[in-house]
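Structure assessment
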Amino acid sequence: MPVRAELRWRRLVVAVLLVIALPAFLAFIAVAYQRPDLPPGPPAYDPLPLGKQPVLAAVQARELQRSRRVTDEAGLLTAPQVVPPTFPERVPTVVLPPRAEPYGLAEVQQLLPAAFQVLDGALLLRASIDVPAGARLTIDGATTPDVRLSSRPDGFTTVISRGGEVDVRGTAAQPVRISSWDDAAGRADDDPSDGRSFLVVFGGRMDISHADIGHLGFGTGTSSGVAWRAGERPAGTPPVPATGVVESSTLHDNWFGAYTFQAVGMRFTDNTFADNAAYGFDPHDLSNDFLVERNAAHGNGRHGFIFSRGCDRNVLRDNVAYDNRGHGFMIDDGRSEDSAEGAAARLPSNDNQLIGNRAHDNDGSGIEIEGGVGTVVTGNVLQRNHVGVRVKNDASVRISDNHVVDSRFAGVDVLSAAAGIEVRGNEVRGGWASIALPEPGAARLTGNELVGASTPLVVAGQAVRDEGLASEIGRVFRWNPLLVLWAGILGVPAVFAVRRLARWVVPGRRRARALSG
C-alpha cells in the first residue's frame, strides 16, 4: 500500500505564505498605530515684566504732589494762570479756575501764549494743565487737531483733572491727535524710563471721541498713559468714582493703552488698543458696570483686555484680541503672591460677561478666568491660542456655545475644581486636548462637539482616549516587536494544528450523526 506524501507542493506554498503573511500583517498593524502626540510644552508666554521701579514711583509722586498743590490754589484765581515750578518740579503749570463755560485749548493758548509753542503746525504744550472741580477743558480737533505734550529727559508735561472734566473731541472728518513730544529729538518720546507725559482724571470725567493718542505714560496705573481714577478723599469717606465714554479712538504705543481704577459705568466702543508696552485695556480695582463693545486689542506686551480685582457686572461684547504677549481677554481676582508677611490676598471679579468676542494667535489663553463667580463665556471664537478658555483660582463659570479651534494645548482647561463650572454646547476642534480637568467631575460637560484633538479629555494630567481593539492590538505589537517574530514562528504550526484538528473532529461528528440516524 503506497504512503501519501504529507508535504505536497500546495501545502508548502500555503505554509510559506502564512510564514510571510502573518508577520507582515502584524507588522503592518504595528506600524499603522499612531502614537498619540505628547502634550505641548509651556506657552511662549513672555509678557513684559512690570516690576515697580523706585525712581519712577518717585517721579510719579512728585508730579501728583505738584498737581495737588496748584489745584488747591485754583479756587483763589479769577482767570487761567501759569504757576511757575518750584524745586524739584521741572515745568510750569497752567491752572484753570472753576467756571460754568468750558475752556477750549485754543482759548487757553490765546490767554497764556507763553505756555505753548506752535511747532510744524502742531500745538506744543510747554506747561502742564490742571483742571480742578468745576472746570472743563475741551481739546477739539476742529481748532487744535495736533496736540503735543513736551516730554524730554529734563521734564515732561501732563494734563491732570481733579474733580473736573476733560473732553477730547474729534470727528471722523477731523480727528484729534495727542502725543508726547521731544522737540530736541524731533519725535515722540519713546523712552519711558525717565518719565513721560500722561493724561489722568481723579474723580471726574474724561470723554474721548475720534482721537489718536499715543506715546504716553510710564510706571503703573495712574501715570501709565490715559487713566481714570476715583478722587482722592479723606479717610473714612466714600470715593468719588471717575467716569467717561471713549469711542472711535486709537490708543497706541503708550505704557498702558487705557487704565481705570474705581471707575463706574464707562463705555468703550469701536476703539483700538495697539502696540502698548504692557496692557491694551486695563480696568482695575472696583471698575464696575462697563460696556466694552467692538474694540480691538493687538500687539500689546501683556494682555489685550483685562478686568482685575473686584471688577463686577462688566460686559465685553464683539471685541477682538490678537497677537498679544499675554492673554486675549482676562477676568482676574488680582491674587497677590504668598509672602513671609502673610498669605496671598485677592479680590474676585464677579458677574462679568464675555459674549461674541474673538481671540486668536495670543501667546497665553484666548480667555482666562481667574477667580470670581457668575462669569459667562458664550458665543466666542477662539483660534490658535495656547489655550482656548482657562479657568483657575476656584472660579465659577459657564462656558457655552463657543467655537474653539487649534489651541496649542487645550480648548478648555480647568486648573482648579470649583462648584459651578459648566462646559456646554461648545465646538472644540484640533489641538492636543479638547478639555482638561484637574479631577473627575470637576466640571459639568454636556453637548460638546470634540473633533480632531490628540485626546478629547485629560483628567489629572492623564490622557483619556477611547481606543478600539485594533488600536490596542497595534499598540501591543508596536512596542513589542519580538511578538511579530514569535507570532510567525508559532502561528504557522498553530494554524496547521487547528486545521488537522478540524479535519479529525468534523468527520467524526458526521459519522456519529449517521450511526444515530
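Let us look at the structure shown here. (Residues numbered from 1 in each chain as written. Predicted model: local features only at pLDDT ≥ 70, side-chain atom pairs only at ≥ 80, totals over all residues. Heavy atoms only, no water.)

This part takes up the pattern of salt bridges. Across all of its chains, the model carries 29 salt bridges by this definition. Two residues, E107 and R99, come together in a salt bridge whose shortest N-O distance is 2.9 Å. Since its relative accessible area comes to 26%, E107 is described here as partly exposed. Between D413 and R390 there is a salt bridge whose closest N-O contact spans 2.9 Å. Of this pair, D413 sits in strand 37 (residues 410-414) while R390 sits in strand 34 (residues 387-392), and the two are 23 residues apart along the sequence. Since its relative accessible area comes to 4%, D413 is described here as buried. With a relative accessible area of 16%, R390 lands in the buried category. Residues participating in the shared-partner salt-bridge network are R126, R152, D154 and D183. (Salt bridge = Lys/Arg side-chain N within 4 Å of Asp/Glu carboxyl O. Buried < 20%, exposed > 50% of the residue type's maximum accessible area, 1.4 Å probe, protein only. Helix = DSSP H or I, 4+ residues; strand = E, 2+ residues; numbered from the N terminus.)

Let us now look at the side chain of E89. As for its placement among the helices and strands, E89 is situated in the loop between strand 1 (81-83) and strand 2 (93-95). Leaving out residues up to four positions away in the same chain, E89 has contacts with R66, R69 and P84. (Contact = heavy atoms within 4.5 Å.)

So, about the packing of aromatic side chains. Under the definition given, this model contains 15 aromatic pairs. Consider the rings of F281 and F307, whose centres lie 6.0 Å apart with planes at 80 degrees: the pair is edge-to-face. Taken together, the residues F281 in strand 22 (residues 281-284) and F307 in strand 25 (residues 305-308) connect sequence positions 26 residues apart. F281 gets classed as buried once you look at its relative accessible area, which sits at 0%. Every member of this aromatic cluster is reached through a ring pair, and the members are W228, F268, F273, F281, F290, F305, F307 and F329. (Phe/Tyr/Trp six-rings, centres within 6.5 Å; stacked < 30°, edge-to-face > 60°.)

Membership of the largest hydrophobic core comes to 72 residues, with the highest contact counts inside it found for L105, I129, L137, I208, W228, F281 and F305. Contact partners of I208, with chain neighbours within four places excluded, come to V168, I213, V226, W228, V245, V246, E247 and S249. Core analysis: the second largest hydrophobic core is formed by 19 residues, L56, I160, A227 and W255 among them. (Core = buried A, V, L, I, M, F, W, Y, C linked by side-chain atoms within 4.5 Å.)

As judged from the four bridges shared by strand 32 (residues 375-378) and strand 35 (residues 397-400), these two strands associate in the parallel manner. Bridge pairing in strand 35 places T375 opposite V397. Both strand 35 and strand 38 (residues 421-424) contribute to a ladder of four bridges, which runs parallel. Residue pairing in the sheet places V397 in a bridge with I421 of strand 38. (Pairing = 2+ DSSP bridges.)

Moving on, we get to the side chain of N295. Topologically, N295 is positioned in the loop between strand 23 (291-293) and strand 24 (296-298). Taking relative accessible area as the criterion, N295 reaches 1% and is therefore assigned buried. Here E293 takes part through its backbone oxygen, which lies 3.0 Å from a polar atom of the side chain of N295. Among residues more than four places away in sequence, those in contact with N295 are F268, T269, D270, N271, F273, F305, D318, N319 and V320. (Polar contact = N/O pair within 3.5 Å; in protein donor to acceptor, adjacent residues only side chain to side chain.)

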